[in-house]
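Observations on the three-dimensional arrangement
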Amino acid sequence: MFKVPPIPAERLPGLLRAMPKAELHIHIEGSLEPEMIFALAQRNGVPLPYASVEELRRAYAFTDLQSFLDIYYAGASVLLHEQDFYDMARAYLARAAMDNVAHAEIFFDPQTHTARGVHIETVINGLHRACADARSSHGLSASLILCFLRHLSEEDALATLEQALPLLDRIVGVGLDSSERGHPPEKFARVFERCRALGLHVVAHAGEEGPPAYIWSALDVLQAERIDHGVQAVHDPALMRRLADERIPLTVCPLSNLKLCVFPRLADHNLLQLLEAGLAVTVNSDDPAYFGGYVNDNFTQLFAAVPALTARHAYQLAWNSFEASFAAEADKRAWHHRLKECFEQFTEND
Ligand SMILES: Nc1ncnc2[nH]cnc12
Ligand SMILES: [Zn+2]
């Protein structure tokens, strides 16, 4: 790999913002800014239990994952029409392009919408159209990952997969999200087996709040190719060795972990420990509208809080993000090249 020259600390934030990167852990419903929630509520005549944008924003004081999910699902209730899904994804992709995101793999939660009577085609077609337009408008490639809600039954997930079958050419893979504790990955063994047989990529949230055992079963039972979050792996040395040996990517979300009280302070985040143990860590925003930052904010705030993180780590994190993506090898090579050029430019300007 490219040998990264030292870069002065004061130039690091600029480099973090400028470097091309992939975002692999973003819930599109978590990109709905309060202003857009209110605009869509008005457009669609959906009542909200908050009087104003400010009142809604004030409710964003979370104590754990569940306290966030309750508000997140309420926010998603304003999405009814294909254009709503398009507008939401379009806004995220425009924002991601500003952060020099070259490639995004976007989670969506169809069950949140189908449970309210919205057809799955409405959801997928709106999101897919925004992804297609992002390529022409921003030169950004984007694909979709359908997530099953783990607090619901496996039968519900199987029914959702059935509904999605005619639209499978519009998604790259499936994931597992929502309330982690009490809902281990093995609850979804059959639906994930079916997805793998259909040729879909497979990822799963595990070890966000839940124990290392959930990461083991995401790997062994679901055969997950990436682990979303995975920060609890540090409590299990054998698991750490496996994740490092097999180069299984972790899509880590520092500001999410902070806002959901997984770590008391950003300075206490274990991302550096994971990286130094040889894990293929990436940095992502999770639900940027709720956690106070898009992907570049995650990079800059984490690096500011953990001064031991250097330009070498920044390069590794961006490189990992492309390598861990489900994009074509030729695209990965092109992004790796752009990344190297960006770092070379930064050192030449010294
Ligand atoms: N951080 C998170 N964990 C689990 N499910 C989610 N859905 C949206 N954000 C999530
Ligand atoms: Zn997530």
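Nothing here was measured: the structure is a model prediction, and the numbers come from that model. (Residues numbered from 1 in each chain as written. Chains lettered and ligands numbered in written order. Predicted model: local features only at pLDDT ≥ 70, side-chain atom pairs only at ≥ 80, totals over all residues. Heavy atoms only, no water.)

1. Some points on the confidence of the model for the protein
Predicted coordinates in areas of low pLDDT are best not read in detail. The line we're drawing: Per residue, pLDDT measures the predictor's confidence, with a range of 0 to 100.
Mean pLDDT over the protein stands at 97; residues scoring 70 or higher make up 99%. With pTM at 0.98, the complex prediction returns an ipTM value of 0.98.

2. Quick word on the packing of aromatic side chains
Counted only if it meets this: Aromatic pairs are defined between Phe, Tyr and Trp rings, using the six-membered ring for Trp, whenever the two ring centres lie within 6.5 Å; interplanar angles under 30 degrees are classed as stacked, those over 60 as edge-to-face, and all others as tilted. The helix count covers DSSP runs of H or I at least four residues long, the strand count covers runs of E at least two residues long, and both are numbered beginning at the N terminus. Only protein chains enter the accessibility calculation, which uses a 1.4 Å probe; a residue is then buried when its area is under 20% of its type maximum, exposed when over 50%, and partly exposed in between. We count a charge as sitting over a ring when the NZ of a lysine or the CZ of an arginine lies within 6 Å of the ring centre and within 35 degrees of the ring normal.
Using the criterion set out here, one finds 14 aromatic pairs in the structure. Plain terms: the ring middles of Tyr60 and Tyr290 are 4.7 Å apart, the flat faces sit at 40 degrees to each other, and that makes the pair tilted. Taken together, the residues Tyr60 in the loop between α3 (53-58) and α4 (65-76) and Tyr290 in helix α14 (residues 288-291) connect sequence positions 230 residues apart. With relative accessibility at 15%, the residue Tyr60 sits in the buried group. Through successive ring pairs, a cluster of aromatic residues spans Tyr60, Phe62, Phe68, Tyr72, Tyr73, Tyr290 and Phe291. We note Arg129 situated over the ring of Tyr86; from NZ or CZ to the ring centre the distance is 4.2 Å.

3. Comments concerning helix α7 (residues 120-138)
Stated precisely, the cut-off is as follows: What a helix is expected to span follows from its residue count: subtract one and scale by 1.5 Å. The contact criterion used throughout is that any non-hydrogen atoms of two residues lie within 4.5 Å.
Relative to the 27 Å expected for 19 residues at 1.5 Å per residue, α7 spans 27 Å between its end C-alpha atoms, a close match to the ideal helical length. Within the sequence span of α7, burial applies to Ile120, Thr122, Val123, Ile124, Gly126, Leu127, Ala130, Cys131 and Ala134. For α7, the secondary structure elements touched by its buried residues are α5 (82-98), β2 (101-108), α6 (110-114), β3 (141-149) and α8 (154-164). Of the residues trailing α7, Gly139 is marked for its positive phi of about 65 degrees.

4. Notes on the site of ligand 1
Put simply, the rule reads: One heavy atom within 4 Å of a molecule or strand is enough for the residue carrying it to be called near that molecule or strand. For this analysis, a polar contact is any N or O atom pair within 3.5 Å, provided that within protein one partner can donate a hydrogen and the other can accept it, and provided that sequence-adjacent residues contribute only side-chain to side-chain pairs. Throughout this entry, Asp, Glu, Lys and Arg are counted as charged residues, while Ala, Val, Leu, Ile, Met, Phe, Trp, Tyr, Cys and Pro are counted as nonpolar. The remaining residues, Gly among them, count as polar.
Within the structure, ligand 1 sits among His27, Leu65, Phe68, Leu69, Tyr72, Asp177, Ser178, His205, Glu208, His229, Asp286 and Asp287. Measuring from a nitrogen atom of ligand 1, one finds a side-chain N or O atom of Glu208 at 2.7 Å. Residue His229 places a side-chain N or O atom 3.5 Å away from a nitrogen atom belonging to ligand 1. Per-element tally for the shell around ligand 1: the top contributor is α4, with four residues. Split by residue class, the shell around ligand 1 holds four nonpolar, four polar and four charged.

5. Quick word on the packing of α5 against α7
Spelled out, the test is: All axes here are fitted lines through C-alpha atoms, helices being fitted over the stretch that makes contact, and every angle between N-to-C directions spans 0 to 180 degrees. Crossings are assigned a handedness: left-handed for a near helix turned anticlockwise from the far helix by less than a right angle, right-handed for a clockwise turn.
Between α5 and α7, the shortest axis-to-axis distance is 8 Å and the interhelical angle comes to 35 degrees. Between α5 and α7 lies a crossing of right-handed hand. Residue-level inspection shows Glu82, Gln83, Phe85, Tyr86, Met88, Ala89, Arg90, Leu93, Ala94 and Ala97 of α5 in contact with α7, the latter providing Thr122, Val123, Asn125, Gly126, Leu127, Arg129, Ala130, Cys131, Asp133, Ala134, Ser137 and His138. Counted by class, the contact of α5 with α7 contains 12 nonpolar, six polar and four charged residues.

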